[in-house]
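Chain by chain, the residues:
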Amino acid sequence: MKQLTVQDIVQAFSFEVLSGADQLMRPLTKTKVRRPGLEFMDDFEFIARGHIQILGKNEVNYLHTLTDEECKRRIANLVTYDPPCILITSQQDQPFGLQTYCTENRIPVLRTPDSMSVASAKLDAYVISSMAEEIAIHGVIVNVSGIGILLRGKSGVGKSETAHTLIGRGHRLVADDIVVLRRLSPQTLLGTHNETNKEFLALRSIGLMNVVRLYGRAAFQEETRIALDIELTEWKDNSLNNELELDEKFSEYMGVPVPYIQIQLQPGRDVAGLIEAAANNWYLKQQGYSALEEFMERLEPKFNGQ
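Below or above, wherever it landed, is the structure these notes cover. Along each chain, residue indices are assigned from 1 in the same order as the chain's sequence is written. Reporting of local features is limited, given that this is a predicted model, to residues whose pLDDT is at least 70; pairs of side-chain atoms are given and counted only at 80 or more, and all residues count toward the totals for whole chains, interfaces and linings. In computing side-chain properties, one takes all heavy atoms of the structure into account and sets aside hydrogens as well as water.

**Digging into the overall build of the chain**
Under the scheme used here, helices are H or I runs from DSSP no shorter than 4 residues and strands are E runs no shorter than 2 residues, and both carry numbers assigned from the N terminus. On a plain count of helices and strands, the chain comes out with 9 helices and 13 strands. All radius of gyration figures rest on C-alpha atoms, and the globule criterion is 2.2 Å times the number of residues raised to 0.38. In terms of overall dimensions, the chain is more spread out than a globule: its C-alpha atoms have a radius of gyration of 26 Å, far above the 19 Å expected for 306 residues. When accessible area is computed with a 1.4 Å probe and restricted to protein chains, residues below 20% of their type maximum are described as buried, those above 50% as exposed, and intermediate ones as partly exposed. Every one of the 306 residues in the chain was classed for burial, and the buried ones make up 45%. By sequence separation, contacts in the chain at least 24 residues apart represent 68% of the contacts at least 6 residues apart. When the accessible surface of the chain is totalled, it reaches about 16,400 Å², and 50% of it is carbon and sulfur. For the purpose of charge, His is not counted, nor are the chain termini; Lys and Arg are scored as positive and Asp and Glu as negative. To locate a charge, the coordinates of NZ of Lys, CZ of Arg, CG of Asp or CD of Glu are taken. Side chains of the chain give 32 positive and 40 negative charges; the mean places of these two sets differ by 2 Å. Only heavy atoms enter the contact rule, under which two residues are in contact if any of them lie within 4.5 Å. Accessible surface is estimated by sampling points in the Shrake-Rupley manner with a 1.4 Å probe; for residues, cover comes only from the protein chains shown.

Take a look at the structure:
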């Protein structure tokens, strides 16, 4: 997990630093920002500490209605929760006493022209993604019609070539060769590049190519949620390659289950087309439709002698 600091979010979002410029190396330890409420009232043990505190118009207007002494008391309560920083939204003026208490407690005060909802959404998404548990594995990630797919297989099996064919059909490359998987939640796995291989695709006999330079910005995507894990394998003559899978198979990465499909390769097979079909079939399943279930329903009357 990457260690973030206040300096990282200041640079990422161009926040204005109102005070505490010498404290920007304070670490971020929580992945969610908090909008203070009870934090203004007292020091409660059941409220988590260490969250970025974000002040919107309601919070700032509330503090402006208080007397100077009462305002300082509310702010003193807030800083006891040890936020790594306090962010004021909508380019509002600082409440009375905020800078004084934050300076004493070595807490940076930041400001943004963004609204509360926009700022909190952007911060949450950035911090959760940046601080997520991650692993790097060998493979290719593509986005097919909005569906993230992890392609795996032995070196030389044709993963990059398949990705190139998919790009030619209007889909997008996310990462080639070394892919980074991040666990955003027990159900969500994010796939991205490792910065070094961003936009690059390596094809045997051709070499390294920059897909954005060759095919335009639409050929590349920074990250995608992984919906399918597809393994490309060599064709096995004695295996049953047209079985109806009654039970869905899954891979698991950092505890996150991902539907798994194996595609066996043979000269003449349209592998890119099969991957498109798999993506479309996954989408239909998310909408509640299963071709297998419909097929079995059609067979049921025959089994019952009707």
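**With respect to the packing of aromatic side chains**
Note on aromatic pairs: the rings of Phe, Tyr and Trp (six-membered ring only in Trp) are paired at centre separations within 6.5 Å, and the planes decide the class, stacked below 30 degrees, edge-to-face beyond 60, tilted for the rest. Applying the stated criterion across every chain yields a total of 3 aromatic pairs. Seen in terms of ring centroids, Phe 40 and Tyr 62 are 5.9 Å apart; in terms of plane orientation they differ by 40°. Their pairing is tilted. Linking Phe 40 in the loop between β1 (16–19) and β2 (53–55) with Tyr 62 in helix α2 (residues 57–64), this pair joins segments that are 22 residues apart in sequence. According to the relative accessible area criterion, Phe 40 is buried, its value standing at 3%. Residue Tyr 62 is classed as partly exposed on the basis of its relative accessible area of 28%.

**As for the sheet that holds strand β4 (residues 109–111)**
In sheet architecture, strand pairing relies on hydrogen bonds along the backbone and comes in two forms, parallel and antiparallel. Taken together, 4 strands build an open sheet; the order of strands is β1-β4-β3-β2 and the sheet is mixed. Two strands lie at the open edges of the sheet, namely β1 and β2, each paired on one side alone. Put simply, the sheet's adjacent strands are angled 30° from each other on average, direction ignored. A pair of strands counts as paired when DSSP detects no fewer than two bridges linking them. Bridge count for strand β3 (residues 86–88) against β4 is 3 bridges, and the pairing is parallel. Pairing of Leu 87 across the sheet is with Leu 110, part of β4. Between N-to-C directions, angles span 0 to 180 degrees; the directions come from axes that are lines fitted to C-alpha atoms, helices contributing only their stretch in contact. The strands touched by helix α5 (residues 116–131) are β2 and β3; relative to β2, the strand with the most contacts, the crossing angle is about 160°.

**Some words on a nonpolar patch on the surface**
Each patch is built from residues lacking any salt bridge and having more than 30% relative accessible area; the joining distance is 9 Å for like charges and 5 Å for nonpolar side chains (Val, Leu, Ile, Met, Phe, Trp, Tyr). We count a salt bridge whenever a side-chain nitrogen from Lys or Arg sits within 4 Å of a carboxyl oxygen from Asp or Glu. On the surface, Leu 38, Met 41 and Phe 46 cluster together into a nonpolar patch covering about 310 Å² of accessible area. With respect to the secondary-structure elements, Leu 38 resides in the loop between β1 and β2.

**Section: the pattern of salt bridges**
In a structure, side chains of opposite charge can pair up when their charged atoms sit close to one another. For the coordinates displayed, the defined rule picks out 15 salt bridges. Between Glu 70 and Arg 73 there is a salt bridge whose closest N-O contact spans 3.0 Å. Residue Glu 70 and its partner Arg 73 are located together in helix α3 (residues 68–79), separated by 3 residues, close to a single helical turn. Between Glu 222 and Lys 198 there is a salt bridge, and its shortest N-O distance comes to 2.8 Å. Linking Glu 222 in the loop between α7 (211–215) and β11 (223–234) with Lys 198 in the loop between β8 (188–192) and β9 (200–203), this pair joins segments that are 24 residues apart in sequence. The exposure class of Glu 222 is partly exposed, given its relative accessible area of 35%. Residue classification places Lys 198 among the partly exposed residues on the basis of a relative accessible area of 26%.

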